[in-house]
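Structure at a glance
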Amino acid sequence: MGLSLEGYTGIARSLLEKAGAKVGDYIRIRRSDGREFKGVLMPRYSISSRPIIVVKLDNGYNVGVRVDESTVVEVIKTKEALLEEARQGAPAVIPLLEEAPSGERKPRVVILGTGGTIASRIEYETGAVKPAFSARDILDAVPEVGFIADIEADVIMNILSENMRPDLWEKIVDAVAKRISEGADGVVIAHGTDTMAYTAAALSFALRGLPVPVALVGAQRSSDRPSSDAAFNLISAVLVAAKAPFAEVTVVMHGTISDTYALAHRGTKVRKMHTSRRDAFQSINSRPLAKIYPFEKRIELLRQALRRRGEQELEVSNGFEKKVALIKYYPGMDPEIIDFLVDRGYRGIVIEGTGLGHVGEQLIDSLQRAYENEVVVVMTSQTLFGRINMNVYITGRKLLSVGVVPGEDMLPETAFVKLSWILAHTDSFEEARRLVRENLAGEIEYRHTIDLYPRWPH
Amino acid sequence: MIEQKIDPSKYDPRELGLKVGLEIHQQLDTRHKLFCGCPTELIHEEQGHEIDEFIRQLRPTRSELGEVDIAALFEWRKGRLYHYHAPRESTCLVEADEEPPHELNREALIIGLAVALALKASPVDEVYVMRKIVIDGSNTTGFQRTAIIALGGEIELPSGKVVGIQTIAIEEDAARKIREQGKYTHYMLDRLGVPLIEISTAPDIETPEEAYETALTIGQLLRLTKRVKRGIGTIRQDLNVSIRGGVKTEIKGVQRLDLLPKIVLYEAIRQKRLLEIRDELVRRGVREEDVLGQEIVDVTTVFEKTRSKIIRKALRSGGKVLAVKLPGFAKLLGAEVQPGRRFGTELADYARFWGGVGGLFHTDELPNYGISEEEVNKLYSVLGARKEVDAIVIVADRETNARKALRAVLERAAYALKGVPKETRAAKEDGTTRFMRPQPGSARMYPETDIPPIEVTEELLSEARKLVPPKPQEKIKVLVEKYGLSTELAKQIIRDVRLDLFEELAEKYGSEVSPSYIASIFTNILRSLSREGVNVENIHDYHIEELVDAIAKGRLPKDAVPDVLSYIAKNPEKHVADAIKELGITVVDREAIEKMIEEIIASMIDEVKEKGLRAMNKVMGRAMAQLRGRVDGRVVADIVRRKIEEVIGEKQ
Ligand SMILES: [Zn+2]
């Protein structure tokens, strides 16, 4: 049975098994109190083990029905029979747009899927969301992209964003490089939003030479809902991939909570700043590259790019060191945490320190030991906004003296990805420490104008 | 031959086999909204609030079988955008669809369960929140969250008739539409998320009056919980109406209860008339395939020199005039299906919906609207149509739109041979209804995966039991015993939407103003003012409280009450004190009256001493000569009696 009785345990499960019922079947439940329920058996997502069977009634609503040993369950119609009936009664599928794109050659854009659902369908009988990711599926769901570019699509992995890992960054880098070398005019990567900024940074460092734009895109509201931001963001990302004059790795997401424009953020300066808002992604200590108006199919540049489209040849330096840690300092932090990392053979540690780049004195000896063991330690700030400056206070100067490298205005996450990348490409401790301070992919801004700090309501 | 006009009084709903089911939506008076911590009070736009705004698009979503909501698709294709206004006072990220919903409001669930128990419904064991796709922008998410909390049940009408209850659901109210402006529809988000209870009855209702009684009885039961909101827009009815041989038609958005019987009757008549049209078509030998096989013809040349402004305008902007023949339909398009609404109007609704055109012309109404007889004659000849036999429909618009519109007209006309199509219709102010959209399929309900199911525990049920409203008979008994109302008056006041206000005022002012009089403000004075055309909806609760307070303090004579209320209805921003001043009801304070009466008594002290209370009339007469219209006579009488008694007491 397995999946066909998803979530059911105990009495509910044995009643269903006895009836030979599976999720999606039309069943009848007769209880000893005389009440009777008819409906489609739904999976039970609840973690509780209460003896409850969930059915979708004829009016479309789900209800939970408590059952006991004396309850009788029977299957009235199987899922297959129901689906067949529904198929016969269903009207012809209507395309979202009446017009079709012209046959003329458009820029080639490859959309790579890494997980999540930029396009999806809702399962008729259970309401489960099923991902759809062929080029055909995408064009059905978001036909507008077909007017901007000739779309190819490929699923390179299917994982939840929080399960992203450095070895998977390498896989994404390879896939992007392959598509660019095959002639793509731009690449879009559909990615879960939680760790999208890390992946964006990883691509920024690994794609040393980049001739076309690479746009990461995601959705803060899942694509099965009418209010999803998935289509708006995808159209914007495809516009960037197809038309943007810059060849950079960007994150393309809603610019505000309105469906007005998206922003293309530089992959090394972008951070998810909100748990749920559409405009969660913001450039920190930096300004986005462009505003994207998807309805008008217009790109408005906001600043100079690192490199223009077609300026460089593709050059890839793939690889990320796994023995790198990102840790956040907190009052009273135990130095054993540093010692542990050093003893376990970690080659790099990025610290999110306080203020200008400090940690408590109790860590100094452990950091000294890390230095002696050639572990690269980089200082960033919990404040996120502003630049590290370890010359102002005594603790900062002590930290410098034990070899801690100031991380300029880098985001802690970007510094982490950067250090992982550097350490995979050099065995020299000193070279690694030098590279950390070098601006490799626009991750450091040397000038912060007054307006770069947002104003909060008061 | 079919009559062109209809007389509603000639239709007997019972004979037609009328069946009506009601869906009653009532806002609950909870501390916060159904899925967030925002308060449930609406803002008053004129008061100036901090309002954030944002703009969204809603995309139609597909079911597994590829179905897409057609009404939503059309709006999206037109580039419809929704402009939301989010007052900070009453909305948060949840209403803006920028944060997942919080858990379902327990208070709303308990009130809902209490109503379910009062209706003898059986609560479900676990409540599942669903998403019902609604893509008109009234929900920022594109769906309404709704959950069935109980099944079955019944309600007994005062006539003794029992109407079954099918389902009881708790759901979130939608945003308030404030205006349309080009491609933007503006919504105010304060109402979004206010908890509603939805009670769906079985189609047991057999007459328009029963529909009214059912709505009234359920409304009364809801109010007796004292946990529901009242006022304009806090209760809404949807209807399902069918007659024998007809089809279950959904009618949305009945806001005024008094219109309900008319809407039901008119819908029964519409279905009956559609059946008559079908029979007439059959009698004329028209076949479905004859209709569907008609060709759509470009007749732009016929109208090259037309005087019709509408057609000239369409042609100027590059449009065409297309026409189609409806064989055997002569005189049917002009036939009324509801008072003032012809079968041609039904076709026009379809043309608008499917073709996005402004409307159509048909030969049953031509020549007219600037279209000449000559042009009509040409139409007949171009289309090879026979006068007095066939009808012709024309549409002037962009060619693609006009073609889609006429295709829809043909399909609707062909359906006339089957009878009544399955539709969702919108109620209009005159009791008629218009086509809104085809009925959506059941596939538009999906589980709300962001909200965990809630087990209906014994603890929840016992809290609900505490809120189960008293039965009307019990409540009447209480009102009679506690406030000394007559049974008749008690019966009237428990049907009044402001029952709770009455109780509040009777409690507070009962010792100074008789509760029967307070009740009569609602059951008598306000109602007769309403009959006289005074807009009593403008009178707020605080106005009525001010009024009773003024009476209690002797500042307002009762005979001036109707004038004060009429004044308030016209000037709802004013207060009762303003009304008293504006209307020249002089404020005479109690002390002044007492002093005046003392003086009157002193001036005739011998007579008073001699006659005692028998002198009261004379004293009253003199006092009222000065006070009439300014002070309630009864207040004066009380003082006179007391003063005379004091004088007599002195003597003794
Ligand atoms: Zn809220």
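Residues numbered from 1 in each chain as written. Chains lettered and ligands numbered in written order. Predicted model: local features only at pLDDT ≥ 70, side-chain atom pairs only at ≥ 80, totals over all residues. Heavy atoms only, no water.

Moving on: helix α4 (residues 166-181) of chain A. Quick reminder: α-helices carry 3.6 residues per turn. Residues three or four places apart thus point the same way. Residue and element names in this part refer to chain A. With 16 residues, α4 extends 23 Å from end C-alpha to end C-alpha; this agrees with the ideal 22 Å at 1.5 Å per step. Pro166, Leu168, Trp169, Glu170, Ile172, Val173, Ala175, Val176, Ala177, Arg179 and Ile180 are the residues of α4 that are buried. Where α4 ends, the next residue or the one after it, Gly183, has phi of about 110°, a positive value. (Helix = DSSP H or I, 4+ residues; strand = E, 2+ residues; numbered from the N terminus. Expected span 1.5 Å × (residues − 1). Buried < 20%, exposed > 50% of the residue type's maximum accessible area, 1.4 Å probe, protein only.)

Residues and elements named next belong to chain B. If you walk across this open sheet you meet the four strands as β2-β3-β11-β10, and the pairing is mixed. Edge positions in the open sheet fall to β2 (51-56) and β10 (176-181), since each of these has one partner strand only. With direction set aside, neighbouring strand axes in the sheet form an average angle of 20°. Across six bridges, the pairing between β2 and strand β3 (residues 81-87) is antiparallel. (Pairing = 2+ DSSP bridges. Axes fitted to C-alpha atoms, helices over the stretch in contact; angles between N-to-C directions.)

Bringing the domain arrangement of chain B into the picture now. Much of the literature gives interface size as the accessible area that the parts lose upon coming together. In terms of domains, chain B is made up of domain 1 (19-242), domain 2 (288-418), domain 3 (472-582) and domain 4 (590-651). The centre of domain 3 of chain B, based on its C-alpha atoms, is set 29 Å off from the matching centre of domain 4 of chain B. (Domains from an automatic or database assignment.)

So, on to the interface of chain B and chain A. Tallying the contact residues gives 60 residues for chain B and 56 residues for chain A. With both chains or domains summed, chain B and chain A bury close to 4,900 Å², and 54% of this area falls on carbon and sulfur atoms. Inspection of the chain B/chain A interface yields 14 salt bridges. Residue Asp125 of chain B is joined to Arg66 of chain A by a salt bridge in which the shortest nitrogen-to-oxygen separation is 3.3 Å. (Contact = heavy atoms within 4.5 Å. Buried area = accessible area lost by both parts, 1.4 Å probe. Salt bridge = Lys/Arg side-chain N within 4 Å of Asp/Glu carboxyl O.)

A separate point is the domain arrangement of chain A. Residues and elements named next belong to chain A. For chain A, the domain assignment lists domain 1 (10-88), domain 2 (108-316) and domain 3 (324-436). Once you take the C-alpha centre of each, domain 2 and domain 3 turn out to be 31 Å apart. Between domain 2 and domain 3, the contact holds 14 residues from the first and 13 residues from the second. Of the roughly 1,300 Å² buried between domain 2 and domain 3, counting both surfaces, carbon and sulfur atoms make up 69%. Between the two partners, domain 2 and domain 3, sit two salt bridges.

Here we take up the nonpolar core. Among the nonpolar cores identified, the biggest contains 124 residues, and Ile53 of chain A together with Leu239, Leu326 and Phe329 of chain B are the most heavily contacted of them. Considering every element that reaches this core, the biggest residue donor is helix α4 (residues 260-283) of chain B, with eleven residues. Sequence-distant contacts of Leu239 of chain B, that is, excluding residues within four places in its chain, are made with Val20, Gly21, Leu22, Thr249, Glu250, Ile251, Val254, Leu260, Ile263 and Val264 of chain B. (Core = buried A, V, L, I, M, F, W, Y, C linked by side-chain atoms within 4.5 Å.)

Right, let's get into the packing of aromatic side chains. All names here are of chain B. In total, this model carries 19 aromatic pairs over all chains according to the counting rule given. Residues Phe74 and Phe353 carry aromatic rings whose centres are separated by 5.5 Å and whose planes lie at 55° to one another, so their mutual orientation is tilted. Taken as a pair, Phe74 in helix α1 (residues 70-77) and Phe353 in helix α7 (residues 343-355) lie far apart in primary sequence, 279 residues in all. For Phe353, a relative accessible area of 17% translates into the label buried. For the pair Phe353 and Trp354, a centre-to-centre distance of 5.1 Å together with 80° between the ring planes defines the contact as edge-to-face. (Phe/Tyr/Trp six-rings, centres within 6.5 Å; stacked < 30°, edge-to-face > 60°.)

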